[in-house]
Amino acid sequence: MDLKKYAWELRLSLILIALSAVIFAVKLLLLGDSGESNTFSYIFNALGFLPLNVLFVTLLLNTLLTRRAKKAQQEKLKMVVGLFFSELGTTLLRMFVKHDSNASRLSSILSVDKSWTSRRYQEALDELSAYHGTISMDGENLQEVCVLLNEKHDFLLRLVENPVFLEGERTADLMQAVFHLSEELSDRSDFASLPKTDIAHLNGDVKRVYQWLLKVWLSHMEYLSQKYPYLLSLSLRKSPFDERADVVVRE
């Protein structure tokens, strides 16, 4: 447990408990330990338990409000993630998968369907973490990625300006990787004449974006399966990992 995260709660708890102890100590000094009930005894008892009541109510309310705020933030984050894939993420994945030497293996890992449980999603994530595909894009392919990212530059800037999107650890890492790739590509003017060493370097940047995209996509599918099955259905019909994917419902 990170104690720094709960520093103010610990300080408040210690102060209120100490205050309560002082009040009961004063009662003991003034009234003794006779056990007799009188007006002063009731007053001291009420004062002694007051800090403890404040402590309980404060921590309880803070916990409930924090959980509620966190849940609302998570909902907003997932909505923004969905927008990201609609506008850019799915297209990027589709472009990358075409140049993945082990795309068939990836398709089997990410063959998501409506029957998947949380355990099945976790198994897929574990497999994904151990997955090693090889992205091999030439100058022409990289230029296509560059054009796409340039077209979506304003959209990406708006995402970064949205603090909700950067709340998620994976989405923040994804955006960092996407912007780095975009900057690398934009700084090159003639992709046809790039040496093999530079092509390999750029493919490394592409692979970084690819790996984060895969994890965020899978996480988003799990969220849709739990909250919005009808959105999951549409996303799976547009899956970038299924060559036969067809948005039209045929069965």
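What you are looking at is a predicted structure, and each value in this text was computed from that prediction instead of being measured.

Caption draft 1: Focus on the overall build of the protein. Scanning the protein for helices and strands turns up nine helices and zero strands. Going from N to C terminus, the protein has its helices and strands arranged as α-α-α-α-α-α-α-α-α. Looking at the protein as a whole, 36% of its 251 residues are labelled buried. Within the protein, counting contacts between residues at least 6 apart in sequence, those at least 24 apart form 72% of the total. By element, 57% of the accessible surface of the protein is carried by carbon and sulfur atoms, the whole surface being about 15,700 Å².

Caption draft 2: Region of interest: the confidence of the model for the protein. On average, residues of the protein carry a pLDDT of 84, and 90% of them reach 70 or more. Ranking the helices and strands of the protein by mean pLDDT puts helix α5 (residues 139-151) first, with 95, and helix α1 (residues 7-31) last, with 77.

Caption draft 3: The environment of D126, seen in detail. Position of D126 relative to the elements: it lies in helix α4 (residues 118-129). Separated by 17 residues in the primary sequence, D126 and I109 place their C-alpha atoms 9.8 Å from one another.

Caption draft 4: Region of the structure containing the nonpolar core. Counting residues in each nonpolar core, the largest one holds 58 residues, and the members touching the most others are F84, F96 and L218. Elements that contribute at least two residues to this core include exactly α2 (39-97), α3 (103-109), α4, α5, α6 (153-161), α7 (169-186), α8 (196-227) and α9 (229-237).

Caption draft 5: Representation of the packing of aromatic side chains within the structure. Under the counting rule described, the total for this entry stands at six aromatic pairs. Their ring planes at 75° and their centres at 4.8 Å tell us that W217 and F241 sit as a pair that is edge-to-face. One end of the pair, W217, is in helix α8; the other, F241, is in the segment after α9, with 24 residues separating them in the sequence. According to the relative accessible area criterion, F241 is buried, its value standing at 6%. Considering the side-chain rings of Y223 and Y228, the 6.0 Å spacing of their centres and the 65° angle between planes classify their relative orientation as edge-to-face. Residue classification places Y223 among the buried positions, given a relative accessible area of 9%. On the basis of relative accessibility, which here comes to 29%, the residue Y228 falls in the partly exposed class.

Rules of the game
- Residues numbered from 1 in each chain as written.
- Predicted model: local features only at pLDDT ≥ 70, side-chain atom pairs only at ≥ 80, totals over all residues.
- Heavy atoms only, no water.
- Helix = DSSP H or I, 4+ residues; strand = E, 2+ residues; numbered from the N terminus.
- Buried < 20%, exposed > 50% of the residue type's maximum accessible area, 1.4 Å probe, protein only.
- Contact = heavy atoms within 4.5 Å.
- Areas by Shrake-Rupley, 256 points an atom, 1.4 Å probe, with all protein chains shown as cover.
- pLDDT = per-residue confidence, 0-100.
- Core = buried A, V, L, I, M, F, W, Y, C linked by side-chain atoms within 4.5 Å.
- Phe/Tyr/Trp six-rings, centres within 6.5 Å; stacked < 30°, edge-to-face > 60°.

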